[in-house]
Structures are given as structure tokens and as C-alpha cells.
Amino acid sequence: MMMQPAKSITARAEALDALDAILPFDRRDQLAAILTDEDVATLRHLASTGMGDNTMRALASDIGYLESWCLAVTGGPLPWPAPESLLLKFVAHHLWDPAARENNPEHGMPQDVTVALRAKGMLRSTGPHAPSTVRRRLTSWSILTRWRGLTGSFSAPSLKSALRLAVRASARPRQRKSKKAVTGDVLITLLAACAGDRLVDVRDRAILLMAFASGGRRRSEVAALRLDNLVDEPPVRADPANKDSPPLPCLTIHLGRTKTTSADEDEQVVLIGRPVVALKAWIKAAGIANGAVFRRIDQWGNLDRQALTPQSINLIVKTRAKQAGLDPALFSAHGLRSGYLTEAANRGIPLAEAMQQSLHKSVAQAAGYYNNAERKMGRAARILV
């Protein structure tokens, strides 16, 4: 195995400082020991193009994994462009048939490669990888190849065929990002866990209510929210059809570029009623006049100027779930997103209307939550009740 000079690793770590808003400090040092100088230069160049933080974070993670895998397999760094045989080997190592593995220990990823990746903290899976992960890493590999001005074999018929057959053979069930959705009843339980008057309670209530009611915002969108993204709107009636219904506070959230939009798009969602009250209560209590809306609070209750990270949003959901007596392993920040659509389906809100708020681009993906709700409420599953 090739050893890299300490000076080279230090130089790459310093170069990766340009990505400090994207990569955690410890992750930066880990990648500096794995990536080549050319890899770091490519990542810095991509960052300068205005590529989204989540995309950059995925690219950095993927290239780190690919370099580690290639080093374990070939004893050297990734070749550019990668030969078709190496791409096929990558698929064979990550998508395999568990039944075939029982009869043939050489099927799938070799043991020495597995040990090497685990030693670097790069491998956690004990079975075949998720097809979506393998496809994403191949896509990242292809993107980085193109940015080096090279043409790879990613469109080769042999690779497409191998990928299709391997996905079928691996037979790995699709895993949701959150095992359980944070539906209305679960949200009430989480809110009860932060019903106190501490600053952290006020913040977490605002996060939970805002993230859920605004269509199940992604954790990255919640963490990136800034005060100038919030625009007050005239009050609206609780029941639009009843002119005598009480007025409710309303504001528009400008999300700017999101995971599924381009740089020049500005997605917007509306927040009405209780979530607006909770959000404004947090802003007032924290004395936020500009910058990030949701910020760190230390163990002594002191407010930090630093914004929460997407990982912190996820931890808040898990912490409040644990405090509420729920299993934190079953819930994550993405549960607010899936929970919003599930709750909308349970309440009979049309899918198109819910998607205006959730901003899902894929009807098929959003409809999955509706289909599950309809099956549970329908008569077809109650024939023998």
C-alpha cells in the first residue's frame, strides 16, 4: 500500500480549507490523507462554479470512497479515465447476490478489500450496497472524469447491462431515510418534549413546526434559512370560505436554490398560523436581527452566531424523540418530510395541493405516501375484518 508524505497530506488539508463550509473539520483531514493533489484541485474548482453544498459534499465523499476502494483493489490511486474493467469490478464488488455468496465466498467484495475499507472507516454495510448509492458514486465518478476533460466508459453497454443484472441479483429492499414518518400525532409528541421556556425549547419548537408545516422542508433547507428569506404577508382567514373566521399570521419563505432547482430559481412556500407564531417567538427570544435563523445553543444556554448544520437538525429530531419516549433510531429529520405528505393524505388533501407546499418534483415519489395511506383507509384490505 502506497504511503503519502506528511507534507503532502498537510498541504491538501490546507487546500481543503476552501471547503470548510461544506466539509466538517475531521472529515477534511480524513479526505486529505486519501485524495490526490489532482482530486483536491478538481473539488476546489467545482466549488468555485457555485455548485450546491449538498452536491459538493456528496462528490467529496464519493471521491474519497472511490480512491480508498481503488487503493485497496489495485494498490494505487484511481486512473483517469478509468478502464471499463475497473468500472465493472466496482459494480461486482458492491452489488451481489447474498445467496450466491453463501456458496461462493469470492462472490462480491473480497475480504481483504472489505477489511481495508473498514479500517479507514469507509465501509459500514455488511451486505450488498443500495443500488442508489452505487449509481450515485458512478455518476460522481463520471462527473469528475468529465471535469478533467476526459471521456470515460460510463455509457458502455456492458456497464449498463452489468448494473441492471446486479441490481436484480442483489434484491435489496429500498430503505426509507426515516423508518417512521413524523405524522401529526408524532409531531404533537415531539412538541410536548420541548414545551419548556428555555431558549433551546423555543428554538426546537420553531424548527419542528416550521419544517413540518412548510411542506416537510429538508434539513439542509432548514439549516440554511436566513432572516431575509422570510417575508411577512397580510393575515389570512382560518377558513377562506368564511369571512367571519379569525385572521391568522402569514409569511412567505423564500428558499432560493434547493436540491431540485437550478441556481436562478427561487422556490417559495407559505407558512400560516401557529408555525408563524413559533418562528417569530424564536427570532424575538434569540434577538436575531440578521443572518442565520436557527443557531447553535451551548450547554449553558448561550446563543452562538454560528448556524446549525443539517446534521444538527437531524440530531434535534432524534433527541426530542428520545425525550418523548420514542425510539430515536426510527426517526430522522426526513421523517418530517415524509410525515407531511402522509398527514396530508390522511386528511384528504389532494396530492397536487400538497406538492405545491412540499415542492416535490416527482409525482411518483410523492404519490407513494398517498398510496400507502389510501390502502390503510380503503376497503380492499378489510375484506376479512
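Residues numbered from 1 in each chain as written. Predicted model: local features only at pLDDT ≥ 70, side-chain atom pairs only at ≥ 80, totals over all residues. Heavy atoms only, no water.

Engineer: Got a sec to walk through the sheet that holds strand 2 (residues 247-256)? Specific residues and values, please.
Structural biologist: Pairing is antiparallel in the open sheet, where three strands are placed in the order 1-2-3. Looking at strand neighbours, the two that pair on one side only are strand 1 (230-237) and strand 3 (267-272), the edges of this open sheet. Strand-to-strand twist across the sheet, computed as the mean angle between neighbouring axes with direction ignored, equals 25°. Strand direction decides the pairing type here: strand 1 and strand 2, joined by six bridges, are antiparallel. Paired with Val231 across the bridge in strand 2 is Thr252. (Pairing = 2+ DSSP bridges. Helix = DSSP H or I, 4+ residues; strand = E, 2+ residues; numbered from the N terminus. Axes fitted to C-alpha atoms, helices over the stretch in contact; angles between N-to-C directions.)

Engineer: Hey, could you go over the environment of Lys322 for me, with residue numbers and the actual values?
Structural biologist: As for its position among the elements, Lys322 is in helix 14 (residues 310-323). In the structure, Lys322 is positioned 132 residues away from Leu190 in sequence and 9.0 Å away in space, judged by C-alpha atoms.

Engineer: Residue-level account of the nonpolar core, with values.
Structural biologist: By size, the foremost hydrophobic cluster in this structure holds 52 residues, and its most contacted members are Ile253, Leu279, Trp282 and Phe294. Of all the elements, helix 11 (residues 199-213) adds the most residues to this core, at nine residues. Not counting the four nearest positions on each side in its chain, Ile253 is found in contact with Met210, Ser214, Leu225, Asn229, Leu230, Glu267, Gln268, Val269 and Leu271. Judged by nonpolar contacts, the second largest core, of 36 residues, contains Leu46, Ala72, Phe90 and Ala166. (Core = buried A, V, L, I, M, F, W, Y, C linked by side-chain atoms within 4.5 Å. Buried < 20%, exposed > 50% of the residue type's maximum accessible area, 1.4 Å probe, protein only. Contact = heavy atoms within 4.5 Å.)

Engineer: Explain the layout of surface pockets to me, and be specific about the residues and the numbers.
Structural biologist: Considered as a void within the structure, the second largest pocket measures approximately 690 Å³ in volume. If you go around the second largest pocket, you meet 22 residues; those closest to its centre are Phe212, Ala213, Ile272, Tyr340 and Arg347. Listed by contribution, the elements that provide at least two residues to the lining of the second largest pocket are helix 10 (184-193), helix 11, strand 3, helix 13 (274-286), helix 15 (334-346) and helix 16 (351-358). Looking at the lining of the second largest pocket, its residues break down into 14 nonpolar, three polar and five charged. (1 Å grid on protein atoms, 1.4 Å probe; cavity = no way out; pocket = protein on both sides within 12 Å on 5 of 7 lines; lining within 4 Å. Points joined across faces, edges and corners; volume = space filled by probe spheres on them. Nonpolar A, V, L, I, M, F, W, Y, C, P; charged D, E, K, R; others polar.)

Engineer: Could you give an account of helix 5 (residues 84-94), naming the residues involved and the relevant values?
Structural biologist: Where helix 5 is concerned, the buried positions are Leu86, Leu87, Phe90, Val91, His93 and His94. Down the axis of helix 5, the sector holding all buried residues measures 165°, keeping them to one side. (Arc of directions from axis to C-beta.)

Engineer: Now, about the packing of aromatic side chains: what can you tell me, with residues and values included?
Structural biologist: Counted by the stated rule, this structure contains five aromatic pairs. A centroid spacing of 6.1 Å and a plane angle of 65° characterise the contact between Trp141 and Phe154, whose relative ring orientation is edge-to-face. Pair noted here: Trp141 is in helix 8 (residues 131-147) and Phe154 is in the loop between helix 8 and helix 9 (157-170), with a separation of 13 residues, a long-range link. Each ring, one from Phe212 and one from Tyr340, has its centre 5.9 Å from the other, and the planes form 75°; the classification is edge-to-face. Here Phe212, found in helix 11, pairs with Tyr340, found in helix 15; they are 128 residues apart in sequence, far enough to count as distant. Here Phe212 falls in the buried class, since its relative accessible area comes to 12%. Pairwise contacts between aromatic rings join Trp69, Phe90, Trp141 and Phe154 into one cluster. The residue whose ring lies beneath Arg101 is Trp96, and the NZ or CZ to ring-centre distance is 4.6 Å. (Phe/Tyr/Trp six-rings, centres within 6.5 Å; stacked < 30°, edge-to-face > 60°. Lys NZ or Arg CZ within 6 Å of the ring centre and 35° of its normal.)

Engineer: Provide a residue-level description of the pattern of salt bridges, including the pertinent values.
Structural biologist: The tally for this structure, following the rule as stated, stands at 11 salt bridges. Between Lys280 and Asp232 there is a salt bridge, and its shortest N-O distance comes to 2.7 Å. Pair noted here: Lys280 is in helix 13 and Asp232 is in strand 1, with a separation of 48 residues, a long-range link. With a relative accessible area of 39%, Lys280 lands in the partly exposed category. Shared partners join several salt bridges into a network, and the residues in it are Arg198, Asp201, Arg203, Asp204 and Arg320. (Salt bridge = Lys/Arg side-chain N within 4 Å of Asp/Glu carboxyl O.)

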